[in-house]
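Next come the chains, spelled out residue by residue.
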Amino acid sequence: MQRTERQRSLKKRQSIWQNRPGEKRLLSGVKKTAFQSRYAWIGFLLPSLAGVLIFVLLPFADVVRRSFLTAVTEEWTGLHNYELVFANQAFRLAVKNTVRFTLVCLPLLIGIGLFLSVQLSRLKKVQLIKSLFLLPMAMPAATVVLIWKMIFAKQGFLNAGLLLAGLLPEGAMPDYMGTGASFWVLVFSYIWKNLGYTMVLWLAGIFSVSEGLTEAARVDGATKRQCFWYVIFPNLKGSLYTITVLSFLNSFKVFREAYLVAGSYPHESMYLLQHLFNNWFVNLELDKMAASAVCVGAVLFAVILLLQRLWDHEEKG
(Lines give C-alpha, C1' and ligand atoms only; values in the text may rest on other atoms or scores of the structure.)
Protein backbone atom coordinates (compact mmCIF):
# COMPACT_ATOMS: atom_id res chain seq x y z
CA MET A 1 0.00 0.00 0.00
CA GLN A 2 2.73 2.45 0.93
CA ARG A 3 4.59 1.67 -2.34
CA THR A 4 1.52 2.36 -4.49
CA GLU A 5 0.82 5.60 -2.65
CA ARG A 6 4.42 6.73 -3.28
CA GLN A 7 4.10 5.90 -6.97
CA ARG A 8 0.84 7.86 -7.20
CA SER A 9 2.35 10.90 -5.50
CA LEU A 10 5.40 10.72 -7.77
CA LYS A 11 3.23 10.58 -10.90
CA LYS A 12 1.14 13.47 -9.59
CA ARG A 13 4.24 15.61 -9.08
CA GLN A 14 5.48 14.78 -12.59
CA SER A 15 2.14 15.71 -14.14
CA ILE A 16 2.07 18.99 -12.21
CA TRP A 17 5.61 19.81 -13.31
CA GLN A 18 4.88 18.97 -16.93
CA ASN A 19 1.67 21.04 -16.96
CA ARG A 20 3.38 24.24 -15.82
CA PRO A 21 3.16 26.75 -18.68
CA GLY A 22 6.50 28.33 -17.85
CA GLU A 23 8.32 25.03 -17.99
CA LYS A 24 6.63 24.14 -21.27
CA ARG A 25 7.68 27.43 -22.81
CA LEU A 26 11.23 26.90 -21.57
CA LEU A 27 11.43 23.44 -23.12
CA SER A 28 9.92 24.60 -26.41
CA GLY A 29 12.27 27.60 -26.48
CA VAL A 30 15.30 25.36 -25.98
CA LYS A 31 14.15 23.04 -28.78
CA LYS A 32 13.41 25.95 -31.07
CA THR A 33 16.81 27.55 -30.41
CA ALA A 34 18.58 24.26 -31.09
CA PHE A 35 16.65 23.84 -34.35
CA GLN A 36 17.40 27.41 -35.46
CA SER A 37 21.10 27.12 -34.70
CA ARG A 38 21.29 23.83 -36.56
CA TYR A 39 19.55 24.97 -39.73
CA ALA A 40 20.34 28.69 -39.70
CA TRP A 41 22.73 28.26 -42.64
CA ILE A 42 19.77 27.51 -44.91
CA GLY A 43 18.48 31.07 -44.52
CA PHE A 44 21.83 32.48 -45.60
CA LEU A 45 22.17 30.04 -48.51
CA LEU A 46 18.69 30.37 -50.01
CA PRO A 47 18.98 33.92 -51.49
CA SER A 48 22.22 33.20 -53.35
CA LEU A 49 21.03 29.73 -54.33
CA ALA A 50 17.79 31.19 -55.71
CA GLY A 51 19.74 33.79 -57.68
CA VAL A 52 22.05 31.17 -59.21
CA LEU A 53 19.08 28.93 -60.00
CA ILE A 54 17.02 31.66 -61.67
CA PHE A 55 19.72 33.60 -63.48
CA VAL A 56 22.30 30.87 -64.27
CA LEU A 57 21.10 27.27 -64.07
CA LEU A 58 17.64 27.64 -65.60
CA PRO A 59 18.84 29.80 -68.55
CA PHE A 60 21.73 27.39 -69.17
CA ALA A 61 19.31 24.45 -69.08
CA ASP A 62 17.25 26.25 -71.74
CA VAL A 63 20.42 26.72 -73.82
CA VAL A 64 21.11 22.99 -73.58
CA ARG A 65 17.55 22.31 -74.77
CA ARG A 66 17.87 24.72 -77.69
CA SER A 67 21.15 23.10 -78.77
CA PHE A 68 19.14 20.05 -79.92
CA LEU A 69 16.49 22.08 -81.77
CA THR A 70 16.29 24.25 -84.87
CA ALA A 71 16.44 28.01 -84.33
CA VAL A 72 13.06 29.00 -85.78
CA THR A 73 10.74 26.01 -85.84
CA GLU A 74 12.27 24.34 -82.76
CA GLU A 75 12.20 20.91 -84.36
CA TRP A 76 14.29 18.13 -82.83
CA THR A 77 17.61 17.73 -84.68
CA GLY A 78 19.62 15.62 -82.26
CA LEU A 79 23.37 16.21 -82.60
CA HIS A 80 23.11 17.95 -85.98
CA ASN A 81 23.84 21.39 -84.48
CA TYR A 82 26.98 20.07 -82.84
CA GLU A 83 28.12 18.55 -86.13
CA LEU A 84 27.65 21.90 -87.87
CA VAL A 85 29.59 23.70 -85.14
CA PHE A 86 32.61 21.37 -85.23
CA ALA A 87 32.64 21.45 -89.03
CA ASN A 88 32.59 25.27 -89.05
CA GLN A 89 35.94 26.75 -90.07
CA ALA A 90 35.34 29.98 -88.15
CA PHE A 91 34.63 27.98 -84.98
CA ARG A 92 37.90 26.06 -85.30
CA LEU A 93 39.82 29.29 -85.89
CA ALA A 94 38.17 30.96 -82.87
CA VAL A 95 38.90 27.96 -80.63
CA LYS A 96 42.54 27.89 -81.73
CA ASN A 97 43.02 31.61 -81.09
CA THR A 98 41.20 31.49 -77.75
CA VAL A 99 43.30 28.55 -76.52
CA ARG A 100 46.47 30.25 -77.74
CA PHE A 101 45.48 33.50 -76.06
CA THR A 102 44.76 31.74 -72.75
CA LEU A 103 47.99 29.70 -72.79
CA VAL A 104 50.06 32.82 -73.49
CA CYS A 105 48.32 35.24 -71.15
CA LEU A 106 47.91 33.14 -68.00
CA PRO A 107 51.61 32.35 -67.36
CA LEU A 108 52.63 35.91 -68.24
CA LEU A 109 50.01 37.50 -66.00
CA ILE A 110 50.63 35.19 -63.04
CA GLY A 111 54.43 35.35 -63.35
CA ILE A 112 54.72 39.12 -63.84
CA GLY A 113 52.19 39.75 -61.07
CA LEU A 114 54.09 37.54 -58.63
CA PHE A 115 57.45 39.13 -59.48
CA LEU A 116 56.19 42.69 -59.05
CA SER A 117 54.30 41.80 -55.87
CA VAL A 118 57.42 40.35 -54.26
CA GLN A 119 59.35 43.51 -55.09
CA LEU A 120 56.58 45.79 -53.81
CA SER A 121 56.11 43.77 -50.61
CA ARG A 122 59.50 45.02 -49.48
CA LEU A 123 58.29 48.62 -49.50
CA LYS A 124 57.02 49.98 -46.20
CA LYS A 125 54.13 52.06 -47.59
CA VAL A 126 52.87 49.64 -50.23
CA GLN A 127 49.46 49.48 -48.51
CA LEU A 128 48.88 53.15 -49.39
CA ILE A 129 49.23 52.60 -53.16
CA LYS A 130 47.39 49.27 -53.47
CA SER A 131 44.20 51.01 -54.57
CA LEU A 132 46.05 52.47 -57.58
CA PHE A 133 46.65 48.96 -58.92
CA LEU A 134 42.92 48.59 -59.60
CA LEU A 135 42.73 51.74 -61.72
CA PRO A 136 42.88 49.90 -65.11
CA MET A 137 39.83 47.82 -64.18
CA ALA A 138 37.91 50.97 -63.22
CA MET A 139 38.59 52.74 -66.51
CA PRO A 140 35.67 52.77 -68.98
CA ALA A 141 36.04 50.56 -72.04
CA ALA A 142 35.67 53.56 -74.36
CA THR A 143 38.67 55.24 -72.73
CA VAL A 144 40.78 52.10 -73.07
CA VAL A 145 39.82 51.76 -76.74
CA LEU A 146 40.72 55.39 -77.40
CA ILE A 147 44.15 54.84 -75.83
CA TRP A 148 44.63 51.74 -77.97
CA LYS A 149 43.87 53.62 -81.17
CA MET A 150 46.14 56.50 -80.22
CA ILE A 151 49.05 54.15 -79.52
CA PHE A 152 48.72 51.28 -82.00
CA ALA A 153 47.14 52.97 -85.03
CA LYS A 154 49.16 53.34 -88.20
CA GLN A 155 49.74 57.03 -87.41
CA GLY A 156 49.82 56.41 -83.66
CA PHE A 157 52.28 57.24 -80.92
CA LEU A 158 54.14 53.91 -81.13
CA ASN A 159 55.14 54.35 -84.78
CA ALA A 160 55.97 58.01 -84.16
CA GLY A 161 58.27 57.07 -81.29
CA LEU A 162 59.97 54.33 -83.29
CA LEU A 163 60.54 56.75 -86.17
CA LEU A 164 62.08 59.34 -83.86
CA ALA A 165 64.34 56.67 -82.37
CA GLY A 166 65.42 55.56 -85.83
CA LEU A 167 64.07 52.05 -85.38
CA LEU A 168 61.72 52.31 -88.36
CA PRO A 169 62.78 53.21 -91.91
CA GLU A 170 61.20 56.19 -93.60
CA GLY A 171 57.75 55.44 -94.97
CA ALA A 172 57.40 52.14 -93.08
CA MET A 173 54.32 52.55 -90.89
CA PRO A 174 53.08 49.11 -89.80
CA ASP A 175 49.41 48.72 -88.98
CA TYR A 176 49.48 46.76 -85.74
CA MET A 177 45.74 46.11 -85.66
CA GLY A 178 45.64 44.83 -89.24
CA THR A 179 48.45 42.26 -89.03
CA GLY A 180 49.45 39.33 -86.84
CA ALA A 181 50.75 41.84 -84.30
CA SER A 182 47.15 42.47 -83.27
CA PHE A 183 47.26 39.27 -81.23
CA TRP A 184 50.12 40.64 -79.12
CA VAL A 185 48.32 43.97 -78.77
CA LEU A 186 45.40 41.99 -77.32
CA VAL A 187 47.77 40.14 -74.97
CA PHE A 188 49.31 43.41 -73.82
CA SER A 189 45.91 44.96 -73.14
CA TYR A 190 44.74 41.93 -71.16
CA ILE A 191 47.86 41.93 -68.97
CA TRP A 192 47.72 45.70 -68.49
CA LYS A 193 44.08 45.58 -67.40
CA ASN A 194 44.32 42.56 -65.07
CA LEU A 195 47.81 42.98 -63.64
CA GLY A 196 46.68 45.33 -60.88
CA TYR A 197 44.12 43.07 -59.21
CA THR A 198 46.51 40.10 -59.64
CA MET A 199 49.16 42.01 -57.70
CA VAL A 200 46.62 42.87 -54.99
CA LEU A 201 45.79 39.17 -54.55
CA TRP A 202 49.45 38.18 -54.49
CA LEU A 203 50.24 40.90 -51.93
CA ALA A 204 47.39 39.70 -49.72
CA GLY A 205 48.85 36.20 -49.78
CA ILE A 206 52.40 37.40 -49.12
CA PHE A 207 51.37 39.56 -46.16
CA SER A 208 49.36 36.67 -44.68
CA VAL A 209 52.55 34.64 -44.20
CA SER A 210 53.78 34.92 -40.63
CA GLU A 211 56.91 37.02 -40.22
CA GLY A 212 58.10 34.56 -37.61
CA LEU A 213 58.60 31.90 -40.30
CA THR A 214 60.82 34.12 -42.43
CA GLU A 215 62.74 35.40 -39.40
CA ALA A 216 63.39 31.85 -38.26
CA ALA A 217 64.64 30.96 -41.73
CA ARG A 218 66.99 33.95 -41.77
CA VAL A 219 68.34 33.02 -38.37
CA ASP A 220 69.17 29.60 -39.81
CA GLY A 221 71.18 31.29 -42.57
CA ALA A 222 68.64 31.33 -45.43
CA THR A 223 69.00 34.01 -48.09
CA LYS A 224 66.12 36.17 -49.36
CA ARG A 225 65.69 33.92 -52.37
CA GLN A 226 65.64 30.81 -50.22
CA CYS A 227 63.15 32.42 -47.82
CA PHE A 228 60.84 33.12 -50.73
CA TRP A 229 60.99 29.72 -52.45
CA TYR A 230 61.00 27.54 -49.33
CA VAL A 231 58.97 29.61 -46.84
CA ILE A 232 56.74 32.17 -48.57
CA PHE A 233 55.87 30.50 -51.88
CA PRO A 234 54.61 27.19 -50.38
CA ASN A 235 52.12 29.27 -48.37
CA LEU A 236 50.83 31.01 -51.52
CA LYS A 237 49.18 27.95 -53.05
CA GLY A 238 45.73 29.17 -52.06
CA SER A 239 46.37 32.53 -53.73
CA LEU A 240 47.79 30.76 -56.78
CA TYR A 241 44.61 28.71 -57.22
CA THR A 242 42.35 31.76 -56.83
CA ILE A 243 44.41 33.89 -59.23
CA THR A 244 44.60 31.10 -61.82
CA VAL A 245 40.84 30.53 -61.85
CA LEU A 246 39.98 34.25 -61.97
CA SER A 247 42.57 34.95 -64.67
CA PHE A 248 41.33 32.00 -66.70
CA LEU A 249 37.74 33.26 -66.56
CA ASN A 250 38.77 36.85 -67.30
CA SER A 251 40.62 35.71 -70.42
CA PHE A 252 37.17 35.19 -71.95
CA LYS A 253 36.18 38.80 -71.25
CA VAL A 254 38.47 40.67 -73.63
CA PHE A 255 35.90 40.75 -76.40
CA ARG A 256 34.48 44.20 -75.60
CA GLU A 257 37.73 46.09 -76.16
CA ALA A 258 38.71 43.97 -79.18
CA TYR A 259 35.27 44.49 -80.74
CA LEU A 260 35.33 48.26 -80.26
CA VAL A 261 38.80 48.51 -81.79
CA ALA A 262 38.57 46.10 -84.73
CA GLY A 263 34.84 45.42 -85.19
CA SER A 264 33.03 42.13 -85.78
CA TYR A 265 35.62 40.77 -88.20
CA PRO A 266 39.12 41.65 -86.93
CA HIS A 267 42.38 40.18 -88.17
CA GLU A 268 42.24 36.40 -88.01
CA SER A 269 44.96 36.26 -85.33
CA MET A 270 42.62 37.92 -82.79
CA TYR A 271 39.34 36.37 -83.91
CA LEU A 272 38.10 34.82 -80.64
CA LEU A 273 35.07 32.80 -79.60
CA GLN A 274 33.28 35.93 -78.46
CA HIS A 275 33.51 37.36 -82.01
CA LEU A 276 32.00 34.17 -83.37
CA PHE A 277 29.16 34.20 -80.82
CA ASN A 278 28.41 37.84 -81.60
CA ASN A 279 28.26 37.19 -85.34
CA TRP A 280 26.00 34.16 -84.90
CA PHE A 281 23.73 36.20 -82.64
CA VAL A 282 23.49 39.00 -85.22
CA ASN A 283 22.67 36.46 -87.95
CA LEU A 284 20.11 34.73 -85.65
CA GLU A 285 21.95 31.40 -85.84
CA LEU A 286 20.86 30.62 -82.31
CA ASP A 287 21.01 26.83 -82.75
CA LYS A 288 24.73 26.91 -83.53
CA MET A 289 25.28 29.46 -80.79
CA ALA A 290 23.54 27.26 -78.22
CA ALA A 291 25.52 24.15 -79.21
CA SER A 292 28.85 25.98 -79.07
CA ALA A 293 27.92 27.59 -75.73
CA VAL A 294 27.26 24.15 -74.26
CA CYS A 295 30.65 22.92 -75.50
CA VAL A 296 32.49 25.95 -74.11
CA GLY A 297 30.65 25.71 -70.77
CA ALA A 298 31.55 22.02 -70.47
CA VAL A 299 35.22 22.77 -71.18
CA LEU A 300 35.32 25.60 -68.64
CA PHE A 301 33.68 23.42 -66.01
CA ALA A 302 36.12 20.56 -66.70
CA VAL A 303 39.16 22.86 -66.47
CA ILE A 304 38.02 24.34 -63.15
CA LEU A 305 37.37 20.85 -61.77
CA LEU A 306 40.84 19.78 -62.92
CA LEU A 307 42.43 22.76 -61.17
CA GLN A 308 40.45 21.98 -58.03
CA ARG A 309 41.59 18.36 -58.13
CA LEU A 310 45.22 19.37 -58.59
CA TRP A 311 44.85 21.81 -55.69
CA ASP A 312 43.33 19.13 -53.43
CA HIS A 313 46.11 16.70 -54.41
CA GLU A 314 48.75 19.30 -53.46
CA GLU A 315 47.00 19.93 -50.15
CA LYS A 316 46.98 16.21 -49.28
CA GLY A 317 50.55 15.81 -50.41
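Residues numbered from 1 in each chain as written. Predicted model: local features only at pLDDT ≥ 70, side-chain atom pairs only at ≥ 80, totals over all residues. Heavy atoms only, no water.

Draft legend 1. Broad picture of the environment of L213. Inspection of the secondary structure assignment puts L213 in helix α10 (residues 211–219). Considered as a pair, L213 and I232 are 19 residues apart in the sequence and their alpha carbons are 8.5 Å apart. (Helix = DSSP H or I, 4+ residues; strand = E, 2+ residues; numbered from the N terminus.)

Draft legend 2. Here's a closer look at the packing of helix α7 (residues 141–152) against helix α13 (residues 255–262). At a minimum axis distance of 9 Å, the contact between α7 and α13 shows a crossing angle of 50°. Between α7 and α13, the angle falls in the class oblique. In this structure, α7 meets α13 at a crossing whose hand is right-handed. On α13, the residues that touch A141, V144, V145, W148 and K149 of α7 are R256, E257, A258, L260 and V261. Class assignment for the residues of the contact of α7 with α13 results in seven nonpolar, no polar and three charged. (Axes fitted to C-alpha atoms, helices over the stretch in contact; angles between N-to-C directions. Parallel < 35°, antiparallel > 145°, perpendicular 65-115°, else oblique. Left-handed = near helix turned anticlockwise from the far one by under 90°. Contact = heavy atoms within 4.5 Å. Nonpolar A, V, L, I, M, F, W, Y, C, P; charged D, E, K, R; others polar.)

Draft legend 3. View of the confidence of the model for the chain. Scored by pLDDT, the chain comes out at a mean of 81, with 86% of its residues at no less than 70. For residues 22–27, every residue scores under 50 in pLDDT, and the model assigns this stretch three contacts once sequence neighbours within four places are set aside. (pLDDT = per-residue confidence, 0-100.)

Draft legend 4. Structural context of the packing of aromatic side chains. Counted according to the given criterion, the structure contains twelve aromatic pairs. Aromatic pair F86 and F91: ring centres 5.9 Å apart, planes at 85°, arrangement edge-to-face. Using a relative accessible area of 47% as the deciding quantity, one classes F86 as partly exposed. Aromatic pair F152 and Y176: ring centres 6.4 Å apart, planes at 75°, arrangement edge-to-face. Here F152, found in helix α7, pairs with Y176, found in the loop between α8 (157–164) and α9 (181–207); they are 24 residues apart in sequence, far enough to count as distant. You can call Y176 buried: its relative accessible area is 14%. Ring pairing ties together the aromatic residues F101, F183, W184 and Y190, which thus form one cluster. (Phe/Tyr/Trp six-rings, centres within 6.5 Å; stacked < 30°, edge-to-face > 60°. Buried < 20%, exposed > 50% of the residue type's maximum accessible area, 1.4 Å probe, protein only.)

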